[in-house]
Amino acid sequence: MKKSLVNLLTENNLSLATCESLTGGLFASTLTHIPGASQILKGAVSEQCAREMAQNTQQLLKVDLAISFTGNAGPQALENKPVGLVYISLAIQERLINKSYQFFGSREEIKEQTVEAGIELIEKVLNEKYEKFTIW
């Protein structure tokens, strides 16, 4: 079923975006297990995209922190970006922290490394008690 949806969208040259609350990203995550899903799930691979995602989410949902992830988990280069290139942005209070990473491994390993890096970034910032923000 998942693969057929990706194939249907690809064959018809259609793109898809998700905005999830109830499912906590499960819908998009389910689709990204399928190689080629990056062709239909839109999310530009750039630092600017990650920044805007985090800032807009923070403002729209009125939350203290918003984190965004964009990148290329493979299997091939996308938007002229290598497999494993990931951008993470964290909006917290009036600050915005941006980081880029180059991860290696399978699609699942790259996604797992991305989630772990996001958790570490939030923990680091919170442990610094907000006062010592630096933009990396």
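Note that the coordinates shown come from a computational prediction; the quantities given were computed from them, not determined experimentally.

Asks: Tell me about the overall build of the chain, and name the residues and values.
Replies: The helix and strand inventory of the chain stands at four helices and three strands. Ordering the α and β elements of the chain from the N terminus gives α-α-α-β-β-β-α. For the chain, whose C-alpha radius of gyration is 15 Å, the value lies close to the compact-globule estimate of 14 Å for 136 residues. Sequence separation of at least 24 residues holds for 57% of the intrachain contacts in the chain that already meet a minimum separation of 6. For the chain, the distance from the average position of its 13 positive side-chain charges to the average position of its 15 negative side-chain charges is 3 Å.

Asks: Quick one: what's the story with the packing of aromatic side chains, residue by residue and with numbers?
Replies: Describing an aromatic ring pair means giving the distance of the ring centres and the angle of the ring planes. The final tally for this structure, using the stated rule, is one aromatic pair. With centroids separated by 5.1 Å and ring planes inclined at 15 degrees, the aromatic side chains of Tyr101 and Phe103 adopt a geometry described as stacked. Considered together, Tyr101 and Phe103 belong to a single accessibility category, that of buried residues.

Asks: Now, about the nonpolar core: what can you tell me, with residues and values included?
Replies: If you look at the biggest cluster of nonpolar residues, it comprises 12 residues: Ala73, Val86, Ile88, Leu90, Ile92, Ile97, Tyr101, Phe103, Ile110, Ala117, Leu121 and Val125. Secondary structure elements with two or more residues in this core: β2 (85-92), β3 (95-102) and α4 (107-127). With sequence-adjacent residues up to four places away left out, Ala73 is seen in contact with Val83, Arg107, Ile110 and Lys111. Counting seven residues, the second-largest nonpolar core is a separate cluster that includes Leu9, Ile34, Ala37 and Ile40.

Asks: Which residues make up the pairing of β2, and what values do they have?
Replies: Burial of β2 is extensive: eight of the eight residues sit out of reach of the surface. With burial as the criterion, each face of β2 is covered, one bearing Leu85, Tyr87, Ser89 and Ala91 and the other bearing Val86, Ile88, Leu90 and Ile92. Here seven bridges tie strand β1 (residues 65-71) to β2, and the two strands are oriented antiparallel to one another. For Ile67, the partnering residue across the bridge sits in β2 and is Leu90.

Asks: Quick one: what's the story with helix α3 (residues 47-61), residue by residue and with numbers?
Replies: The end-to-end C-alpha distance of α3 is 21 Å, a good match for the 21 Å that 15 residues give at a rise of 1.5 Å each. Those residues of α3 that sit buried are Cys49, Ala50, Ala54 and Gln58. Within α3, the buried residues cover an arc of 155 degrees as seen down the axis, which keeps them to one side. Within α3, the exposed residues directed more than 90 degrees away from the buried face are Gln59 and Leu60. Phi for Lys62, located one or two positions after α3, is positive at around 55 degrees.

Asks: Explain unusual backbone geometry to me, and be specific about the residues and the numbers.
Replies: Cis peptide bonds are those with omega within 30 degrees of zero, and the linkage from Gly74 to Pro75 qualifies with 20 degrees. As for its position among the elements, Pro75 is in the loop between β1 and β2.

Definitions and cut-offs
Think of each chain on its own: its residues are numbered from 1, step by step along the sequence as written. Note on the predicted model: pLDDT of at least 70 is required for a residue's local features to be given, and 80 or more for side-chain atom pairs to be given and counted; whole-chain, interface and lining totals, by contrast, use all residues. To obtain the side-chain values, all non-hydrogen atoms of the structure were included, while hydrogens and water were left out. Runs of H or I in DSSP of at least four residues are treated as helices and runs of E of at least two as strands, each being numbered from the N terminus. Just to be clear, the radius of gyration here is over C-alpha atoms, and the globule rule we use is 2.2 Å times residues to the power 0.38. Two residues form a contact once any of their heavy atoms are found within 4.5 Å. Residues scored as positive are Lys and Arg, those scored as negative are Asp and Glu, and His as well as the terminal groups of each chain are ignored. Think of each charge as sitting on NZ of Lys, CZ of Arg, CG of Asp or CD of Glu. Only the six-membered ring of Trp is used, alongside the rings of Phe and Tyr, when aromatic pairs are assigned; centres must lie within 6.5 Å, and planes under 30 degrees apart are stacked while those over 60 apart are edge-to-face, with the rest tilted. Exposure is judged per residue with a 1.4 Å probe applied to protein chains only, and the accessible area is read against the type maximum: over 50% gives exposed, under 20% gives buried, and values in between give partly exposed. Take the buried residues of types Ala, Val, Leu, Ile, Met, Phe, Trp, Tyr and Cys, join any two whose side-chain atoms come within 4.5 Å, and each joined set is a nonpolar core. Think of it this way: DSSP has to see at least two bridges between two strands before they count as a pair. The span one expects for a helix is its residue count, reduced by one, times 1.5 Å. Picture the helix axis, draw a direction to every C-beta atom, and the arc is the one those directions span.

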